[in-house]
Every structure is written in C-alpha cells, then in structure tokens.
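# Summary of the model geometry
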Amino acid sequence: MKKDAVFIFSNEQLAYRFNEKHPFNHLRLQLTYDLLTSLHALDSSLILPPRMATDNEIALIHDEEFIHAVKSASKGMLDEAIASNYGLGTEDTPIFPHMHEAASLLVGGTLQAVDEVMSGNANHALHLGGGLHHGFKGKASGFCIYNDSSIAIEYMKRKYGARVLYVDTDAHHGDGVQWSFYDDPDVCTLSIHETGRYLFPGTGQVHEKGSGKGYGFSINVPVDAFTEDESFLEVYETAFREVVEFFKPDVILTQNGADAHHYDPLTHLCSTIKTYKYIPKLAHELAHEYCDGRWIAVGGGGYDIWRVVPRAWALIWLTMTNQINQLDQGIPPSWIQKWSDQSEDPLPTLWEDGNIVPSIPRRPEITDKNNKTLEKALFYIRNELKR
C-alpha cells in the first residue's frame, strides 16, 4: 500500500557541522524530529535513514576534481591555497573532519527521498537535511558543499525520465540549482527570495530567465527587504500556480528554507509562521493536481533554530500526512521543557506567532514593488510562451 509520506532522518546527519560558532547548525533537524514525536505525529514505520551517496551520484553535478578536493580536505590534506580555489576553508564553508562523508549523507538522503516517491512507495517524501542550494559544479558556496537538490534533479531526469519543477522559497536565491539547469527545458526553477541588492548571493534577478533551449524556464521573483506575509504569499501563490500550469511537471521538488522569517538573524524579510503554514499547503495541493501527488521536500536555510525552524519544518510533515489539526494542541510542554535550557530565547508555546512584526512604514510601497516584480517575472510565461 502506498504511503502518504516518508520522513528521511538519522542522528548521523548532525555531523554536517562546520564549527560551534557557525550559523549553520543541523541541531535543527533533531529539534524538528523531537517536536513531531512529542506531538505523536511521526510514526516510526515512516522514518527511513538516509543512505550515503556514491561518488558517481555526486559526479552527476560536481566535477571529479572538486570531489577529490573535498575528500582531501576531510582528511586535513588539502593545501590552504588550493582549498580556496574550491570554496573550501572560507568563512562560509570552513573545513571540518569527514566533511565529504557528512555531505554525502545529506545528498544520499535526498536521493532516498526521490526513490521513495518516483518508485511509487510514497506520494511525498521529506528530507530536511537537504536543500543545500548554493553548491556549484566545482566550488562550495554559502554553507553548501555538495548541492543535493541539483544532484537529485539530474538523478530524476536520468533514472526516471522526469520533468522536474523546482520551487525555492529560501530567503537566499537558489543560485546553484538555477545555474545547473539554466539551459535545460526539462527543468524549471522558480525562486522567490530577498532581492540580491542586500543579501547573498546577489543573483536571482528577474532577467535571469535561462539560455538556449532553457530560456523561459528559470523564473526569479526577488522581493524587497521587509516584505511581510501577505505580499510574500501573494507572490508565492500567483507564481507557483502559473508556473506549474505552464510547465506541467512530473514531480515537484520544493526547497523549504525557513530564513524569510522576521526572527531570522541573517535576512531582512518579515514573514511569520503564517507563511510557513501556507507554503506546504499549496505545494501539497498542486502536487496532487498536476503530478499525481509526487512531491519531494527538502530543508535549506533557517538560522533561528529554536523559535522558527522546528515549527516551520514540522508544518511540512503535518501537511504531507494530513495532520494539520495537530496545531490545536499547541507546542507540547515536554518539547519546551527538554530544550528550553539550551535556547537563548524563550521557546514558543503556540504555533502561530501573533503580532511580532513592527509597523513597516514602507509597506504599501514594498507590496506595490513586489507586484511589479512579479509581473516582470511572469511576463514571458503570460505572453510569449502562451502564444
């Protein structure tokens, strides 16, 4: 019997850890897992451990020289000058022991999710350890060593002949995935992110539409700093609905960075949990409408690991498994008690945030600007491709 969803997770994934002061902290995986188990919303029969990706699978996207460099760095055997050529040993992507193995496990988790869905074992799969969307063919970037989403998309194309829609709602532009498939008409990338005028990686402008046969299949909607729920969700829903209708994918892969939240320390957007409740709701609906339910979700950014990420990511699973009514219980006191001593901020007791965003004087101007950006982003689909 086909399952509604499977959850890819193991404690070994916490080994992807640069250093104690680095903002990328996969303890958020454990926090999310514990929140779901405290709710009794995660059946053990639906939890699958990730497998280790092979070198050949990683090489679907990454250069062999880069993979070799990561392996050497893992053993402390890569010269500092050579490492910098590969984006390793930087402030964003420091070298740590066994980094190749840790990164390969995250890639393998996403490939495991792909196989569960594409082989028909489950309608949906959630792998929160993935979503490392900044990695390039020959270079690590932005906390990302190997780009699991790009590898998974190429894997789906080759093994299953799939036409893939990739939807990225991380506050940072999904640059690595976009450039991997910039000239590919069988992959459509939709990224809704904070404008690169203020934020890494500085790409993802409206005019980045693809090249060659892939022209028109890269869609970017860079929203203005201080964008709130209403404007973000209007952009998201309009863009997602129009893109999925035009592209008609076989499968949807969503990257679910939780760093557009008002509390996130690395970005300037003002979303609340309201946004993270609706993002998976729409993905779930459109996956069933266009892809016979085939939906794979991965994690991504999210640097308030205590107040934001566990709630935002738990909502994906609750949506996938039709357990959204669990929100009526509030946050389980047992979860709060277990983790409150480690958190620098008081842990939330409710799923909703309430009125946490201060008044934004430029709100009407920001909304209008985002709507104009959306119009430009969708112009080619609305006009040229529908002729």
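You'll find the structure just up there.
Residues numbered from 1 in each chain as written. Predicted model: local features only at pLDDT ≥ 70, side-chain atom pairs only at ≥ 80, totals over all residues. Heavy atoms only, no water.

### Quick look at helix α10 (residues 309–320)
The cut-off we apply is this: In this text, helices come from DSSP runs of H or I with a minimum length of four residues, and strands from runs of E with a minimum of two, each type numbered from the N-terminal end. By this rule, a helix spans an expected 1.5 Å times one less than how many residues it contains. Three labels apply to residues, based on accessible area from a 1.4 Å probe with only protein chains included: buried if under 20% of the type maximum, exposed if over 50%, partly exposed otherwise in between. We call two residues in contact whenever any of their non-hydrogen atoms come within 4.5 Å of each other.
Here α10 contains twelve residues, and its C-alpha end-to-end distance of 17 Å stays within 8% of the 16 Å for a straight helix at 1.5 Å per residue. All of the buried residues along α10 are Val309, Pro310, Arg311, Ala312, Trp313, Ala314, Leu315, Ile316, Trp317, Leu318, Thr319 and Met320. Looking at the buried residues of α10, the elements they touch are β1 (3–8), α1 (27–38), β3 (122–127), α9 (273–290), β8 (295–298) and α11 (333–339). Backbone geometry just after α10 places Asn322 at a positive phi near 55 degrees.

### Re the pattern of salt bridges
Applicable threshold: Salt bridges, as used here, are contacts in which a Lys or Arg side-chain nitrogen is within 4 Å of a carboxyl oxygen on Asp or Glu.
By the definition in use, this model includes 26 salt bridges. Residue Lys71 pairs with Asp55 through a salt bridge whose shortest N-O separation is 2.3 Å. Within this pair, whereas Lys71 is found in helix α3 (residues 64–74), its partner Asp55 is found in helix α2 (residues 55–58), the two being separated by 16 residues in sequence. Among the salt bridges present, the one from Glu245 reaches Lys248, with a minimum N-O distance of 3.1 Å. The class for Lys248 is partly exposed, based on a relative accessible area of 48%. One connected set of salt bridges, linked through shared partners, spans Arg197, Asp224, Arg362, Glu365 and Lys369.

### Quick notes on the sheet that holds β3
The cut-off we apply is this: Two strands are said to pair when DSSP picks up at least two bridges between them. Lines fitted to C-alpha atoms define the axes, with helix axes restricted to the stretch in contact, and inter-axis angles between N-to-C directions lie between 0 and 180 degrees.
Strand order in the open sheet formed by eight strands is β2-β1-β3-β8-β7-β4-β5-β6, and the pairing between neighbours is parallel. Pairing within the sheet leaves two strands with one partner each, and these edge strands are β2 (47–48) and β6 (218–223). The pairing of strand β4 (residues 164–168) with strand β5 (residues 187–194) spans five bridges and is parallel. Bridged to Asp168 within β5 is Ser191. Running at roughly 175 degrees to β5, helix α8 (residues 229–247) makes contact with β4, β5, β6 and β7 (251–255) of the sheet.

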